[in-house]
Amino acid sequence: MKKLGLVIILIVALAATYFVLQPGSGSQDEDPSQLYKQFTDFESPPLTPEQEYASFKFAPGFDLELVAAEPLVDNPVAIDWDSQGRMYVAEMRAFMIDALGTGESEPVGRIVRLEDTDKDGVMDTSIEFLGGLVSPRALMVYGDKLLVGEPPNLWQCDIVVGSDQCENKTLLDDYGDANPNEVEHTDNGLMLGVDNWIYNAKSNRRFKYVKGQLESGSTTFRGQWGITQDDRGLLYTNSNSIQLMSDFYPADFTNRYRWLDSAFISRPGLADKVTLDQPIHSIRVNPGVNRASTPGELRDDGRLARATAISGLEMDRSDYYGADFRGDVLVPEPGGNVVIRLSPKQEGLQTRAEQKLYSDKQWGKREFIASTDERFRPVNVKAGPDGAIYIIDMYHGIIQHRVFVSDELSEQINQRQLQQPQGMGRIWRLVKKGQNPSYQINELTVKQGLESGNAWQRHRAQQRVLISGDTAWVKSLNWESLSSPNKIQVLWLLDELQQQRLDWLKDALLSQDQALVLSALQLNKAQLTFSTLQEWWQKQAANEQLRLHFVSAILDYDESQAVALATQASEGMLDNELLRNVAMAGFEGKHSQAYQYWLETFSPADTKANRQWFAALMANRYLAHRQYIEQQEDAPQAVYELIDEISAIDVDWQLATALEGLKLATKQDDFAPVMLSQKPAILEVAAARGEEIEAAMMSARRAFTFEGDEVAAGIVPLSVAHKANMQKGEVLYNHCAACHKANG
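Fair warning: this is a prediction, and the values are worked out from it, not measured in the lab. (Residues numbered from 1 in each chain as written. Predicted model: local features only at pLDDT ≥ 70, side-chain atom pairs only at ≥ 80, totals over all residues. Heavy atoms only, no water.)

A. Quick look at the sheet that holds strand β18 (residues 272-273). If you trace the 4 strands from one edge of the open sheet to the other, you get β15-β16-β17-β18, paired in antiparallel fashion. If you trace the sheet from one side to the other, it starts and ends with β15 (228-229) and β18, each paired once. Here strand β16 (residues 235-239) runs beside strand β17 (residues 242-246); their pairing, made up of 3 bridges, is antiparallel. Among the inter-strand pairings, Ser239 is bridged to a residue of β17, identified as Ile242. (Pairing = 2+ DSSP bridges. Helix = DSSP H or I, 4+ residues; strand = E, 2+ residues; numbered from the N terminus.)

B. Here's a closer look at the environment of Gly176. Position of Gly176 among the secondary structure elements: in the loop between β10 (167-174) and β11 (188-192). Sequence spacing of Gly176 and Asn200 is 24 residues, and the spatial spacing of their C-alpha atoms is 9.9 Å. What Gly176 contacts, discounting residues up to four positions off in sequence, is Pro151, Pro152, Thr186 and Asp187. (Contact = heavy atoms within 4.5 Å.)

C. Structural context of helix α6 (residues 455-468). Under the 1.5 Å per step criterion, the end-to-end length of α6 is 20 Å for 14 residues, consistent within 8% with the ideal 20 Å. Of all 14 residues in α6, 11 are buried; the element is thus mostly enclosed. Backbone nitrogen of Trp456 and a side-chain oxygen of the N-cap are separated by 2.9 Å at the start of α6; the cap is Asn454. (Expected span 1.5 Å × (residues − 1). Buried < 20%, exposed > 50% of the residue type's maximum accessible area, 1.4 Å probe, protein only. Polar contact = N/O pair within 3.5 Å; in protein donor to acceptor, adjacent residues only side chain to side chain.)

D. View of the nonpolar core. Formed by 101 residues in total, the largest nonpolar core has its most connected members in Ile198, Trp473, Ile554, Tyr622 and Leu659. Ranked by residues supplied to this core, first place goes to helix α16 (residues 608-626) with 10 residues. Ignoring sequence-local partners within four residues, the contact set of Ile554 consists of Phe530, Leu533, Ala562, Leu565 and Ala566. Grouped together as the second largest cluster of nonpolar side chains are 69 residues, Tyr88, Leu330, Phe368 and Ile369 included. (Core = buried A, V, L, I, M, F, W, Y, C linked by side-chain atoms within 4.5 Å.)

E. Summary view of the packing of aromatic side chains. Following the criterion strictly, the structure yields 26 aromatic pairs and no others. A centroid spacing of 5.3 Å and a plane angle of 75° characterise the contact between Phe530 and Tyr557, whose relative ring orientation is edge-to-face. Of this pair, Phe530 sits in helix α11 (residues 530-538) while Tyr557 sits in the loop between α12 (544-554) and α13 (560-570), and the two are 27 residues apart along the sequence. On the accessibility criterion, Tyr557 (5% relative accessible area) is buried. Three or more aromatic residues joined by ring pairs form one cluster here, namely Phe62, Tyr320, Tyr321, Phe325, Tyr358 and Phe368. The aromatic ring of Tyr395 is capped on one face by Arg426, whose charged end is 3.9 Å from the ring centroid. (Phe/Tyr/Trp six-rings, centres within 6.5 Å; stacked < 30°, edge-to-face > 60°. Lys NZ or Arg CZ within 6 Å of the ring centre and 35° of its normal.)

F. Up close: the pattern of salt bridges. Overall, the coordinates contain 39 salt bridges when judged by the stated rule. In this structure, Asp231 and Arg326 form a salt bridge, with 3.2 Å as the shortest nitrogen-oxygen distance. Taken together, the positions of Asp231 in the loop between β15 and β16 and Arg326 in the loop between β19 (314-315) and β20 (329-333) put the pair 95 residues apart, joining distant regions of the chain. Here Arg326 makes a salt bridge to Asp319, at a shortest N to O gap of 3.1 Å. Salt bridges linked by common partners bring Asp74, Glu91, Arg93, Arg110 and Glu128 together as one network. (Salt bridge = Lys/Arg side-chain N within 4 Å of Asp/Glu carboxyl O.)

G. Seen up close, unusual backbone geometry. Note that the residue after Pro151, namely Pro152, is joined by a cis bond; omega there is 10°. Looking at the secondary structure, you find Pro152 in the loop between β8 (145-150) and β9 (153-158). In the segment running from Gln420 into Pro421, the intervening peptide bond is cis, with an omega of -5°. Within the secondary structure, Pro421 is located in the loop between α4 (407-415) and β28 (426-432). In this structure, Leu190 takes a positive phi of about 50° despite not being glycine. Mapped onto the secondary structure, Leu190 falls in strand β11. On the basis of relative accessible area, Leu190 is assigned to the buried category, the value being 1%. A positive phi angle is found at Ala526, which is not glycine, with a value near 60°. Assignment of secondary structure puts Ala526 in the loop between α10 (514-524) and α11. Exposure remark for Ala526: the relative accessible area of 31% places this residue in the partly exposed category.

Here it is, written out as structure tokens:
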């Protein structure tokens, strides 16, 4: 570790005996609220950076370097860099100064700017760039601007040459929840995506600069604290108890779906679990977590058993650590004083991750980085301009927000003095042992940035292009020499500028690199000829991912064959809910065609998957007619004709499922029945077709009404079961009336 010298040797022996905490002799049958007392009586004193470094155990071949520590930083939670390599740090200085969270609404949070003036990799100076903030939680440098997320505000600062402070502070938009109780549960992130949008965790909003103005858009709600992406731009998030979640396909495939917010539209494959189990392997006892007394929260030896405080994460997308590390995700668990390493792998339409564990003589197994120092609180990780990953260590005794602090934890905090001292924090750089990194940060040209193997540099080049709109760099790029991630980034930039190179797009489609092919399908937007996609599809032994992307891509075309090709690609996979939803979104505006083609071509059998598909198609056909009700006087007639068409279905399961589709359509918010000009024949048809059809008709009854309709008058029609009971009652009444007469 830089600048620590031989002092480490003098500390290691003391640290090893003083800070490695062993299980005590207390019985597990003792009062659970006193669990922390069952282990060896211990203190948790604050350590110097040198002492904390001695508490770490790393995966073989890795090391940490200290980049900054108090007093330069104080409760850091997020970082970013400008083009000169200066680091901006969001400090949540009022976070949990005691068990009650006293003073957390005070405007003492700030953004500081750190600078490494002698280029040795260690920050030398710290200035307050922006003060007076309440719990700032996110920041991002965008050109010569700095975006700061301080709920409920999204601020923009100008970074001005010669000025050490935020200039022209401007409120751009609302951001997150103003409720002080929501520190753990509101927007954070501010990450520029490959697709040119700025994404957040714990949010369904995204942002984009368009002609210098920040615009807001919607996206899938995902995550809790922290967000990252892979080279395709698929997003990864987590929650406090789930190490990793991801989108298995681009969310825009379903975001364009008109009825996305319908109760019957689920979205599997978006923000889904990547880690099915959430074990934690720390190297110290961890009774200082909020649910320590809950069975299964701690191991028998007192260490944290499962994730409870998972926070900010980062995928390695550089060449800094080598090919075997690229694509892996680092996930902090401050409650367990560890950083986890996960290796995600695509498995069909899902992603699963291997948790990398390392042998430990004392504990058996441990995580990628583990500490015996309870105050090591890695709350975020971030890739930097040099390609290295930086670990943001809040270095704080209390990590649980006051809203969720139990009486047991509150007692621990006070007994063990975890609330003191304040004003600490560290930032560490992850390096490989034997590596001789350069700490000189040089600004690259757009061409150099887009050709870089370091995603941070690519995204900075991306920013410069988005800000300037310049395309001069396109001519200087050697497309053939670019790697797949670089090509994907270039195609997305050209798409944003509406200057797509169709020769490059076609080359990507025809390549053997699946990530590049999938990106080409996503970006095609009916730009390549229909025959190109048609011929490409006929040559594919298509896997599930290719099918999914092809269905979405081919339905961008108006050709009559598009629906047939998409239906053929979907057929046989309708038991996969994920594909069904993506296909349903792709069929937007073409549901009637898909419905007819599917029935006429496949002679579908009565299966659960076919019923779900059939019902969704019918629901969308109904809703497509409804959208014109306010614009066209004859819209109710169109709905009447659709219902009349349903009444002519002669296959019982198809009729029942079509009625189920009408029922699904009524689950829209503020739904109101369509007023028809006359009573539809389907009511009598259903009554004559047996119990299943009549019951299905009853469940779909809210889809329409008509003059004299008893349902509209508030009279609930009798169900099949009700009618059966009524018939029994009539028989019983006649039997009893023989003796008891009509009045009983």
